[in-house]
Amino acid sequence: MAVDKTSAFKLHLLNEMSDRGVNDSDVSNGWDDTKRTEIKKHVIEYLNLIIAEANCPFGSTDVTLYSTAPANPQPPDVLMTFRLRRKSEIVKKGQTLKHGDAAGGATFDTGSGIVSEIFPEGASGDANFTKLVAGLVIHELIHIKCDTGKGAPLTDIHTAATGLDKAVISSRETMTDGCKKRIAPQLGRKVQTIVK
């Protein structure tokens, strides 16, 4: 994809955690429209830092929250799902993940598309819950674009000592220069994301 900066990067976030189906033991910070809107705001802030890089092929972002599954997006657009870890299709199927135990999220190449799930309960109790969940979204996005699927440019994004691409992130992590430089040119990488 040429770097023309005229198109928008589209991120589709599907909520499969009903407000009624999530109790305090799942997400102690709560899970409602207000929280999801704040998460979206933080995701857009992070994405704006990425698209500001000269080698990023996009000039703007479009982040949409869904309560029912949209059609699978056309690459390079990305679809990710908010799920409880215990309901994870990746974890449930016993997929062997390249990286860790998927406390806050998991991304897996099924062969017919990449499934990416965010587990908000992994951020429960954090004083900056919405910022941490947004960080988990960006972390899994970096997996999708940089180290998952055929032709991935990296084998492991977790080589960073700080930033949203290190193995375990907190709400204090920032979008480091190294992280931006890794993800920016890959944001246009065409990989199919799907919901399972």
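For the structure given in this document, a descriptive report is provided here. (Residues numbered from 1 in each chain as written. Predicted model: local features only at pLDDT ≥ 70, side-chain atom pairs only at ≥ 80, totals over all residues. Heavy atoms only, no water.)

## Focus: the overall build of the protein
Stage number 1. Looking only at helices and strands, one finds 4 helices and 6 strands in the protein.
Stage number 2. Counting all 196 residues of the protein, 49% fall into the buried class. (Helix = DSSP H or I, 4+ residues; strand = E, 2+ residues; numbered from the N terminus. Buried < 20%, exposed > 50% of the residue type's maximum accessible area, 1.4 Å probe, protein only.)

## Concerning the side chain of E53
Stage number 1. Following the sequence through the fold, E53 ends up in the loop between helix 1 (33–51) and strand 2 (60–66).
Stage number 2. With a relative accessible area of 15%, E53 lands in the buried category.
Stage number 3. Discounting residues that sit within four places of it in the chain, E53 has contacts with K5, K180, K181 and A184. (Contact = heavy atoms within 4.5 Å.)

## Observations regarding unusual backbone geometry
Stage number 1. Residue P76 is bonded to the preceding P75 through a cis peptide linkage, with omega at 15 degrees.
Stage number 2. By the secondary structure assignment, P76 is in the loop between strand 2 and strand 3 (78–82).

## With respect to the packing of aromatic side chains
Stage number 1. Applying the stated rule across the entire model yields 3 aromatic pairs.
Stage number 2. Centre to centre, the rings of W31 and F129 are 6.5 Å apart; their planes meet at 90 degrees, and the pair counts as edge-to-face. Pair noted here: W31 is in the loop between strand 1 (8–15) and helix 1 and F129 is in helix 3 (residues 129–146), with a separation of 98 residues, a long-range link. Considered together, W31 and F129 belong to a single accessibility category, that of buried residues.
Stage number 3. Three or more aromatic residues link up through ring pairs in this structure, and these residues are W31, F82 and F129. (Phe/Tyr/Trp six-rings, centres within 6.5 Å; stacked < 30°, edge-to-face > 60°.)

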